[in-house]
Structures are given as C-alpha cells and as structure tokens.
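Structural features, examined
Listed here are the chains, written in short residue letters.
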Amino acid sequence: MDRKLAEQIVALVNSHIDQLISSLEPVEGHMSPEEFAAYKRGVARVISAYDAEIINRIASEYPDLKPADDDADPPAVESVPPRSSRN
C-alpha cells in the first residue's frame, strides 16, 4: 500500500473511533444501565477490531502512522459478572 493511502485510511479509522467514543455520553441517558454497558462493550469491540485489523496492519509497514495513544491501555469497559453454569 502506498503511504498516502495508508495515511488516509488511518485518518478515516481515527475519525470513526472518535465518533464512536463521542456517542457514549448522549446514548447513556437513553438506555438502561444494562443496555448502556452492552453498547459500551460493543463500541470497545469495534475499536479493538479497527486497531487489530486495520491500524496494526498499516503500522507494520509504516510504524510512524500508529497513533501515539494506541500504546496506552484501552479504556476500561464495565465488566459483567460471569454467568453461573447450572451444569
């Protein structure tokens, strides 16, 4: 992949990630806590997929295109207690 295209893709992905994160606050007030926790987990999964499937692949060819904040720990996602098995 040429560098210009790689830069455009990283910018697009980062824009989508910013939009997803921005959706959390307004959505929270319109859902039950359980629904919001599920929504937040979904957002975290999408961001993780963007990183693993797109950003990291591009960064393997162009390491300087990996956003600096990708080295930080991902935002905490509320954990849901495991469901007990009745087996």
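Remember, predicted model here, so these are calculated numbers, not experimental data.

Moving on, we come to the overall build of the protein chain. Looking only at helices and strands, the protein chain has two helices and zero strands in total. Contacts spanning at least 24 positions in sequence make up 66% of the contacts within the protein chain whose residues lie at least 6 apart.

Time to look at the nonpolar core. Counting residues in each nonpolar core, the largest one holds 14 residues, and the members touching the most others are Ala6, Val10, Val13, Ile17, Ile58, Tyr62 and Leu65. Contributing elements (two or more residues each) for this core: helix H1 (3-28) and helix H2 (33-61).

Next up on the list: the pattern of salt bridges. Summed over all chains, the structure comprises three salt bridges. Here Arg3 and Glu7 are joined by a salt bridge, their closest N and O atoms 3.0 Å apart. Placement of the pair is Arg3 and Glu7 together in helix H1, with a separation of four residues, close to one helical turn. Given the relative accessible area of 32%, Arg3 is considered partly exposed. A salt bridge links Glu53 to Arg57; the nearest nitrogen and oxygen atoms lie 2.9 Å apart. Pair noted here: Glu53 and Arg57 are both in helix H2, with a separation of four residues, about one helical turn. Connected through salt bridges with shared partners, the residues Arg3, Glu7 and Asp64 form a single ionic network.

Moving on to the packing of H1 against H2. Packed helix pairs are specified by the crossing angle of their axes together with the interaxial distance, meaning the distance between the axes. Where H1 contacts H2, the axes come no closer than 11 Å and their chain directions differ by 170 degrees. Taken as axis vectors, H1 and H2 run roughly antiparallel relative to one another.

End to end, H1 covers 38 Å across 26 residues, agreeing with the expected 38 Å (1.5 Å per residue, within 8%). Taken residue by residue, H1 has Ala6, Val10, Val13, Ile17, Ser23, Leu24 and Val27 as its buried positions. Elements in contact with the buried residues of H1: H2.

This part takes up the environment of Arg3. Considering only alpha carbons, one finds Arg3 and Glu61, 58 residues apart in sequence, at a separation of 9.0 Å. With near-sequence residues (within four places) excluded, Arg3 lies in contact with Tyr62, Asp64 and Leu65.

About the thresholds
- Residues numbered from 1 in each chain as written.
- Predicted model: local features only at pLDDT ≥ 70, side-chain atom pairs only at ≥ 80, totals over all residues.
- Heavy atoms only, no water.
- Helix = DSSP H or I, 4+ residues; strand = E, 2+ residues; numbered from the N terminus.
- Contact = heavy atoms within 4.5 Å.
- Core = buried A, V, L, I, M, F, W, Y, C linked by side-chain atoms within 4.5 Å.
- Buried < 20%, exposed > 50% of the residue type's maximum accessible area, 1.4 Å probe, protein only.
- Salt bridge = Lys/Arg side-chain N within 4 Å of Asp/Glu carboxyl O.
- Axes fitted to C-alpha atoms, helices over the stretch in contact; angles between N-to-C directions.
- Parallel < 35°, antiparallel > 145°, perpendicular 65-115°, else oblique.
- Expected span 1.5 Å × (residues − 1).

Read these as spatial facts, not as claims about activity.
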